Amino acid sequence: MLDRYVKPDFIFNSYRDVTPDFLKSAQIDALICDIDNTLVTYDDAEPTEEVLCWYEKLKQNGIQVAFVSNNNRQRVSLFNSKLNAPAFHNSRKPSRYALRRAIAAMGISPERTAVLGDQLFTDVMAAKRLGIRAIVVTPIKDKKSLLFRIKRACERPLLRKYKNTSGING
Ligand SMILES: [Mg+2]
């Protein structure tokens, strides 16, 4: 039952594994990206060189990118200042609202769009509630707060199960 809402379609170690070749083979033309712990740590205000490179490669291959973050306006606009992608802050994932806006901004059909994130209960759940695909990556560096540790402890057995399920990459 829960699987319907939190089971990702693909699991990878890193956003770096989400290549144009992979996206083409999966018929994904647009990515709705989480920022924190998916692309950079909470401490990185701006994209790293590696993220910039990855982003450029996607764009060169005709992949649309939008950012949908639960973090605040300042965080998202500073991160996006060099990229100028459609970006949405305070998104309240697992709410679908910002995902819908991102899809509209990119002008790509939902069937060819996927969410890329690090959390089952926000990123993946938002995607699944909207009926689109979700790619999950290993979080780069977790916050140490109790709430976060509890959230991760809930995710861990599910992720282990999904990783062992055939048909999921990573
Ligand atoms: Mg995140």
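Everything that follows concerns the structure shown earlier in this document.
Attention here is on the structure that accompanies the text. (Residues numbered from 1 in each chain as written. Predicted model: local features only at pLDDT ≥ 70, side-chain atom pairs only at ≥ 80, totals over all residues.)

1. Overview of the overall build of the chain
Rule in force here: Helix and strand labels come from DSSP, where a helix needs a run of H or I of at least four residues and a strand needs a run of E of at least two; each type is numbered from the N terminus. Counting other C-beta atoms within 10 Å of its own, a residue is labelled buried from 20 upward, exposed at 12 or fewer, and partly exposed in the gap between, with every C-beta atom placed from the backbone.
Counting its secondary structure elements, the chain contains 7 helices and 6 strands. Moving toward the C terminus, one meets the helices and strands of the chain in the order α-β-α-β-α-β-α-β-α-β-α-β-α. Projected onto its principal axes, the C-alpha coordinates of the chain cover approximately 35 × 35 × 30 Å. Buried residues in the chain amount to 38% of all 170 residues.

2. Describing helix 5 (residues 97-106)
For clarity, the threshold we go by: The directions considered for the arc are those from the helix axis to the C-beta atoms. Any residue pair is listed as a contact if its two C-beta atoms, each placed from the backbone, are within 7 Å.
Turning to helix 5, its buried residues are A98, L99, A102, I103 and M106. The buried residues of helix 5 all sit within an arc of 140° when viewed along its axis, so they share a single face. Looking at the buried positions of helix 5, the neighbouring elements they touch are strand 2 (30-33), strand 3 (64-68), strand 4 (87-88), strand 5 (113-117) and helix 6 (120-130). Looking at the residues trailing helix 5, positive phi occurs at G107, about 65°.

3. What to know about the nonpolar core
Quick note on the threshold: When buried Ala, Val, Leu, Ile, Met, Phe, Trp, Tyr and Cys residues are joined through C-beta atoms within 7 Å, the set is termed a nonpolar core.
Residues I32, L99, A102, V115, L116 and I135 are the most contacted members of the largest nonpolar core, which totals 42 residues. If one sorts the elements of this core by residue count, helix 6 sits on top with 6 residues.

4. Considerations on the environment of V137
Following the sequence through the fold, V137 ends up in strand 6 (residues 133-137). Classification of V137 as buried rests on a count of 24 C-beta atoms within 10 Å. Through-space distance from the C-alpha of V137 to that of V18 is 9.2 Å; in sequence the pair is 119 residues apart. Look past the residues within four positions of V137 in its chain and what remains in contact with it is F12, N13, S14, Y15, T38, L116 and D118.

5. Thoughts on the sheet that holds strand 2
Two strands in a sheet stick together by hydrogen bonds in their backbones, pointing the same way (parallel) or opposite ways (antiparallel). Applicable threshold: Two strands pair if DSSP finds at least two bridges between them.
An order of 1-6-5-2-3-4 is seen for the 6 strands of this open sheet, with the pairing classed as parallel. Two strands lie at the open edges of the sheet, namely strand 1 (10-12) and strand 4, each paired on one side alone.

6. Focus: helix 3 (residues 49-60)
Worth spelling out the cut-off: What a helix is expected to span follows from its residue count: subtract one and scale by 1.5 Å.
Taking 1.5 Å of rise per residue, the 12 residues of helix 3 would be expected to cover 16 Å, and the 16 Å separating its terminal C-alpha atoms lies within 8% of that figure. Of all the residues in helix 3, the buried ones are V51, W54 and Y55. Along helix 3, the residues classed as buried sweep out an arc of 100° about the axis, all on the same side. Exposed residues pointing more than 90 degrees away from the buried face of helix 3 are listed as E49, C53, E56, K57 and Q60. At its buried positions, helix 3 is contacted by strand 3. In the stretch just after helix 3, G62 is the one whose phi turns positive, near 75°.

7. A closer look at the pairing of strand 5
Across the 5 residues of strand 5, 5 count as buried, placing the element largely inside the fold. Residues T113, V115 and G117 line one face of strand 5 and the alternating positions A114 and L116 line the opposite face, and both faces are buried. Relative to strand 5, strand 2 runs parallel, the two sharing 4 bridges. Of the residues in strand 5, the one forming a bridge with C33 is L116. In terms of strand pairing, strand 5 meets strand 6 through 4 bridges, oriented parallel. Within the sheet, the bridge partner assigned to A114 lies in strand 6 and is R133.

Geometric values such as these leave the question of function open.
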